[in-house]
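Each chain, letter by letter, is given below.
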Amino acid sequence: FDGVNLVTGAVKASNPCNAGDAVFSAFPNFPSPAVLAPCFHSGTFGRVRPISPNLKNPEIRHANLSFQRQLGNSAALNVEYIGAFGFGQFGESDTNFPPILADPAHPGFFYFGERPDPRFTAVRTNQNTRTSSYNGLIVDVTKRMSHHLQVHGGYVYSHTISSTEDFFGVSEPGDPRFINAERADAQSDIRHAINLGAVVDTAKLSSVPGLRWLTNDWQFGVATQLQSGRPWPISTGDVPFADALFFGIGNESIQRPNVLADGTISTAGIADAFGANYLISSAGVATCLAALPSGPCPTANTFLAPANASGLGAVDALSGDVVDFQRVNGNLKRNAGRTDPYYRTDLSVTRSFHIPWRESTALELRADFFNVFNHTNFNLFNSAPNTSQLVLPSIAPGWQNCTSCLNPITGQYVGSGGQILTLRDLQHGRISPDLLHPIFGGMGDPGGTDLAREIQLSVRVRF
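Quantities reported herein were computed from a predicted structural model and do not represent experimental measurements. (Residues numbered from 1 in each chain as written. Predicted model: local features only at pLDDT ≥ 70, side-chain atom pairs only at ≥ 80, totals over all residues. Heavy atoms only, no water.)

A.B. asks: Mind showing me how you'd approach the overall build of the protein chain here?
C.D. replies: Along the backbone of the protein chain there are 4 helices and 21 strands. Going through the 463 residues of the protein chain one by one, you find that 45% of them count as buried. A separation threshold of at least 6 residues defines the contact pool for the protein chain, and within that pool the share at least 24 residues apart is 65%. (Helix = DSSP H or I, 4+ residues; strand = E, 2+ residues; numbered from the N terminus. Buried < 20%, exposed > 50% of the residue type's maximum accessible area, 1.4 Å probe, protein only. Contact = heavy atoms within 4.5 Å.)

A.B. asks: How should the environment of N277 be read in this particular structure?
C.D. replies: For N277, the location among the structural elements is in the loop between β13 (265-266) and α4 (282-291). A relative accessible area of 0% means that N277 is categorised as buried. Along the backbone, N277 and D316 are 39 residues apart, and their C-alpha atoms lie at a distance of 8.6 Å. Separated by 3.1 Å, the side chains of N277 and Q255 make a polar contact. (Polar contact = N/O pair within 3.5 Å; in protein donor to acceptor, adjacent residues only side chain to side chain.)

A.B. asks: Would you explain the side chain of S52 in this entry?
C.D. replies: Inspection of the secondary structure assignment puts S52 in the loop between β1 (46-48) and β2 (59-71). Relative accessible area serves as the criterion here: at 17%, S52 is assigned to the buried category. What S52 contacts, discounting residues up to four positions off in sequence, is T125, N126 and Q127.

A.B. asks: I tried to follow the pattern of salt bridges on my own but got confused; where do I start?
C.D. replies: Pairs can form between side chains of opposite charge whenever their charged atoms are close. Per the counting criterion, the structure on display carries 18 salt bridges. For R256, the salt bridge is made with E182, and the minimal N-O distance between the two is 3.1 Å. In this pair, R256 sits in the loop between β11 (231-232) and β12 (258-259) while E182 sits in the loop between β7 (149-162) and β8 (184-185), placing the two residues 74 residues apart along the sequence. Judged by relative accessible area, which is 3%, E182 ranks as buried. When the shortest N-O distance is used, the salt bridge between R462 and E364 registers 2.9 Å. Here R462, found in strand β21 (residues 454-462), pairs with E364, found in strand β16 (residues 358-370); they are 98 residues apart in sequence, far enough to count as distant. (Salt bridge = Lys/Arg side-chain N within 4 Å of Asp/Glu carboxyl O.)

A.B. asks: I'm lost on the state of the cysteines in this one. Help?
C.D. replies: In a disulfide, the sulfur atoms of two cysteines are covalently bonded to one another. Applying the stated criterion to the full structure yields 2 disulfides. The disulfide that involves C402 links it to C405, with 1.9 Å between the sulfurs. Taking the sign of the S-S torsion, 75° for the link of C402 and C405, the bridge is right-handed. Of the residues examined, C402 reaches a relative accessible area of 14% and is grouped as buried. (Disulfide = S-S within 2.5 Å.)

A.B. asks: I'm lost on the pairing of strand β10 (residues 218-227) in this one. Help?
C.D. replies: Where a strand is regular, its side chains alternate between the two sheet faces. Taken together, the 9 bridges between strand β9 (residues 192-201) and β10 define a ladder with antiparallel strand orientation. Opposite N195, over in β10, you have Q225 as the bridge partner. Examined bridge by bridge, β10 and strand β15 (residues 342-355) share 10 bridges and lie antiparallel to one another. Considered in β15, the bridge of V222 is made with L347. (Pairing = 2+ DSSP bridges.)

A.B. asks: Just checking my understanding: could you explain unusual backbone geometry for this structure?
C.D. replies: Most peptide bonds take the trans form, and the phi angle of most residues other than glycine is negative. Residue P296 is bonded to the preceding G295 through a cis peptide linkage, with omega at 5°. Take P296: it is sitting in the loop between α4 and β14 (337-338). One non-glycine residue, D217, adopts positive backbone phi at about 65°. Examined against the element boundaries, D217 turns out to sit in the loop between α3 (211-215) and β10.

A.B. asks: Can you walk me through the nonpolar core in this structure?
C.D. replies: Looking at soluble globular proteins, one finds that nonpolar side chains tend to be buried together. I234, L421, L426 and F440 are the most contacted members of the largest nonpolar core, which has 27 residues in total. Counting 11 residues, the second-largest nonpolar core is a separate cluster that includes F97, I100, F112 and A244. (Core = buried A, V, L, I, M, F, W, Y, C linked by side-chain atoms within 4.5 Å.)

Encoded structure:
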């Protein structure tokens, strides 16, 4: 499909259905088959992104309760609860998703049929199906400037939950049948945050000639931020149906793996159109035995799909045959990973000089030190967030002893030193001590850092 926007009626010049007026005149209704007929390329219209005819404005409800108490002559305590709750928020879902059919010969296993409307691939419809919530407890103490000292200290405990991160394709659910399964910690969730700040000035500290030039008119300010780690998305990097690839925020795909009872990460039984997940049928076992007659070979964990299964559905990781599956999306919740905590301290130093012949005018010299302790704050933990970083090795003797791979016999994800990947590994920030030699192919490792120490010098004339 070469580009017809069903909302605006815009049609690319290269499109054979360059009859934009006819398409546009149908809005807000769907264009008739006769109007759309010239637009088909080889019998398919491609992917479209319509808007639900029942779309409404989202609703947000706010709640606030605060308590304030003066402490002495110059300080105050503030305790506050803030709540924000979103309903009917925007999110996309594929309303032309292929049917998931039960395999009558193998209870508990499924396969994909063809898309309901074969003229289209994904019909990614924007709907009012997402929700969000924020609950925050704020405690802060502020001492106003007095006796040359100002102090502020604040602590926030909060929890941000959502079933989407954005308006467009990143809001696609892992399984369009279960949108509520997307409700989880948001990527903006900062559970604990501490902010500390202080300002000290010397003003007229000394009246001794000579000494006052050294000690007076200085100002020192310090600000510290301490934040707990943030959630990040873990994905398989693959998709259940070949023409259903939708990228998420910072992850390769919207499909998530399983987490087993012992915390192990697994993709066994999850539909996969490109062979990265651990799906092995009798055909896969036969492929292995043909190359390694004496083994070892994996045990089948699924079955060849019925003859009427779509060729775009799940495939065997070894043979490439179309197979059954048990889940479209894994049971791991969205944004289950955690980054490193964030620590940063900034410092400012200001010295003022009064112009002798004009007391109302002052020259200020200022130095700002950002991240004064040069603490490395890693970020972009979702730069390699998927299990497809670790793949099945080639069938060969000893392949069961592979490292940095998907083990062909156990279905476990194995690190560079033989470690088995668990969810716990991905919930404590950085995994690999040496980022040039990642343990799990980059999973759980940062892709960048916040700013290093910076010094900014400035001059200001105040009058």
